[in-house]
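What the coordinates show
Each chain is listed here by its residues.
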Amino acid sequence: MYKLDATLDDVQNTRFNNIYRDLVKQMSKQTQFTEMEVQSILMVYHKFVLANGPKAKAMTVKQFNHLFSVLFKVYDLQIIERILLLITSDLKKEVDPVAWVKLFSVFMSNKLEERMKFTFQIYNVGNTGSLNREIVTLAVEKFFTGEDEDEVNELRSDMVELLFKKFDVDKDGVISYDDYATVVTAQPMLLEFLGQCFPNVDGMTVIGYCANILSQITFPKADIEE
């Protein structure tokens, strides 16, 4: 690999190449990214690791949460935790580089089905395969706040009823993945109906520049392949 980042000296660049060379080849085969793009994504990851000190080997969960709230503008801590769980399989104190690349593979995907599966897994906090009224109600609670408790509760209740009327296609009392996929395929803007999971267009553009993913710099959120 050549010297990708001019802010790192030769020793640091050599260390980066030695650490990630095999992973770059592996993840370029497992994702839609080229080797150059994987290398650039991992360089951003490496910069987070360096910020933790000379002996650090991984990005911290605190850094991961901060990234979402500051750059991605995703503020729901439960959603961030669910995303971390999906890409790491357990809630560690660190985020490994494989999980990091997996995250951007989903974020940069323009395949609606992949994005739907990812989002539904985030919402399905009980891992039951469907969203019941309790799950939907807890999600909706975050949408309405105010001093008039009765009014807020009424708004929440009305929203839950509206969402079930829209998404419970087979009327069995729960929202299955098939129900969700049917609705979102017809109306992709309803993908994140229970809370934001993906960076907005501005966030995606910043990612594209920072990670040198040139094919994604003008990525339009609404232009998703079905």
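Everything that follows concerns the structure shown earlier in this document.
Structural notes, computed from the coordinates. Positions within a chain are numbered from 1, following the residues in the order the chain's sequence is written. Only residues with pLDDT of 70 or above have their local features reported here, since the model is predicted, and side-chain atom pairs are shown and tallied only from 80 upward, although totals for entire chains, interfaces and linings are computed over all residues. Note that the side-chain values use all heavy atoms of the structure and ignore hydrogens as well as water.

1. Regarding helix 4 (residues 77–88)
Under the scheme used here, helices are H or I runs from DSSP no shorter than 4 residues and strands are E runs no shorter than 2 residues, and both carry numbers assigned from the N terminus. Any helix carries an expected span of 1.5 Å times its number of residues minus one. An ideal rise of 1.5 Å per residue puts 16 Å on 12 residues; helix 4 measures up with 16 Å between its terminal C-alpha atoms. For helix 4, the set of buried residues is Ile 79, Ile 80, Arg 82, Ile 83, Leu 84, Ile 87 and Thr 88. When checking whether two residues touch, look at their non-hydrogen atoms; a contact exists if any pair is within 4.5 Å. Those residues of helix 4 hidden inside the fold are in contact with helix 3 (61–72), strand 2 (94–95), helix 5 (97–107) and helix 6 (112–123). Here a polar contact is recorded for every N or O atom pair within 3.5 Å, except that within protein the pair must consist of a potential hydrogen donor and a potential acceptor, and residues adjacent in sequence are included only if both atoms are side-chain atoms. Sitting at the head of helix 4, Asp 76 places a side-chain oxygen 2.9 Å from the backbone nitrogen of Gln 78. Ser 89 sits one or two residues past helix 4 and shows a positive phi near 75°. Exposed residues in this analysis have more than 50% of their type's maximum accessible area, buried residues have under 20%, and partly exposed residues fall in between, with area computed by a 1.4 Å probe over protein chains only.

2. Some points on the layout of surface pockets
Note on definitions: the grid is 1 Å and covers protein atoms alone; a cavity is a set of points where a 1.4 Å probe fits but cannot get out; a pocket is an open set with protein on both sides within 12 Å along at least five of seven lines; lining residues have an atom within 4 Å of a point. Grid points are joined across faces, edges and corners, and a volume is the space filled by probe spheres set on the points. In this structure, the largest pocket spans a volume of roughly 330 Å³. Lining the largest pocket are 19 residues; nearest its centre among them are Asp 76, Ile 79, Lys 142, Leu 194 and Gly 195. At the level of secondary structure, the elements contributing two or more residues to the lining of the largest pocket comprise helix 4, helix 6 and helix 7 (133–141). A per-class count over the lining of the largest pocket returns 11 nonpolar, three polar and five charged. Residue type decides the class: Asp, Glu, Lys and Arg count as charged, Ala, Val, Leu, Ile, Met, Phe, Trp, Tyr, Cys and Pro as nonpolar, and the leftover types, Gly among them, as polar.

3. Some details on the nonpolar core
Generally speaking, soluble globular proteins have nonpolar side chains that are buried together. Core analysis: the largest hydrophobic core is formed by 63 residues, its most contacted members being Phe 64, Phe 68, Leu 131, Val 136, Tyr 180, Phe 193 and Leu 194. For this core, the leading source of residues is helix 5, giving seven residues. Definition used in this section: a nonpolar core is a set of buried Ala, Val, Leu, Ile, Met, Phe, Trp, Tyr and Cys residues joined via side-chain atoms within 4.5 Å.

4. Concerning a negative patch on the surface
Taken together, the side chains of Glu 147, Asp 148, Glu 149, Asp 150, Glu 151, Glu 154 and Asp 158 present a region of like negative charge at the surface. By secondary structure assignment, the location of Asp 148 is in the loop between helix 7 and helix 8 (149–167). Exposure above 30% relative accessible area and the absence of a salt bridge qualify a residue for a patch, where like charges join within 9 Å and nonpolar side chains (Val, Leu, Ile, Met, Phe, Trp, Tyr) within 5 Å. Residue burial considers only the protein chains on display, and all accessible areas are found by Shrake-Rupley using a 1.4 Å probe. In what follows, salt bridge is the name for a side-chain nitrogen of Lys or Arg lying within 4 Å of a carboxyl oxygen of Asp or Glu. When charges are counted, neither His nor the chain ends are considered; positive counts come from Lys and Arg and negative counts from Asp and Glu. Where a charge lies is defined by one atom per residue type, namely NZ (Lys), CZ (Arg), CG (Asp) and CD (Glu).

5. Brief notes about the side chain of Ser 176
Note that Ser 176 resides in strand 4 (residues 175–176). Leaving out residues up to four positions away in the same chain, Ser 176 has contacts with Phe 120, Gly 129 and Ser 130.

6. Some words on the packing of aromatic side chains
Aromatic rings from Phe, Tyr and Trp, with only the six-membered ring used for Trp, were paired whenever their centres fell within 6.5 Å, and each pair was classed as stacked if the ring planes differed by under 30 degrees, edge-to-face if by over 60, and tilted otherwise. For the structure on display, the rule yields 20 aromatic pairs. Between Phe 120 and Tyr 177, the aromatic rings sit 5.5 Å apart at their centres with planes inclined by 75°, giving edge-to-face as the arrangement. Linking Phe 120 in helix 6 with Tyr 177 in helix 9 (residues 177–186), this pair joins segments that are 57 residues apart in sequence. Taking the relative accessible area as the measure of exposure, Phe 120 reaches 5% and is therefore buried.

7. Topic: the pattern of salt bridges
Taken as a whole and judged by the stated rule, the model has three salt bridges. For the salt bridge of Lys 117 with Glu 113, the shortest nitrogen-to-oxygen distance reads 3.3 Å. Here Glu 113 and Lys 117 lie together in helix 6, a separation of four residues that amounts to about one turn. For Glu 161, the salt bridge identified is with Arg 133, shortest N-O distance 2.9 Å. Residue Glu 161 is found in helix 8, and its partner Arg 133 is found in helix 7; the two are separated by 28 residues along the sequence. A residue is classified by how much of its surface remains accessible, and Glu 161, at 41% relative accessible area, is partly exposed.

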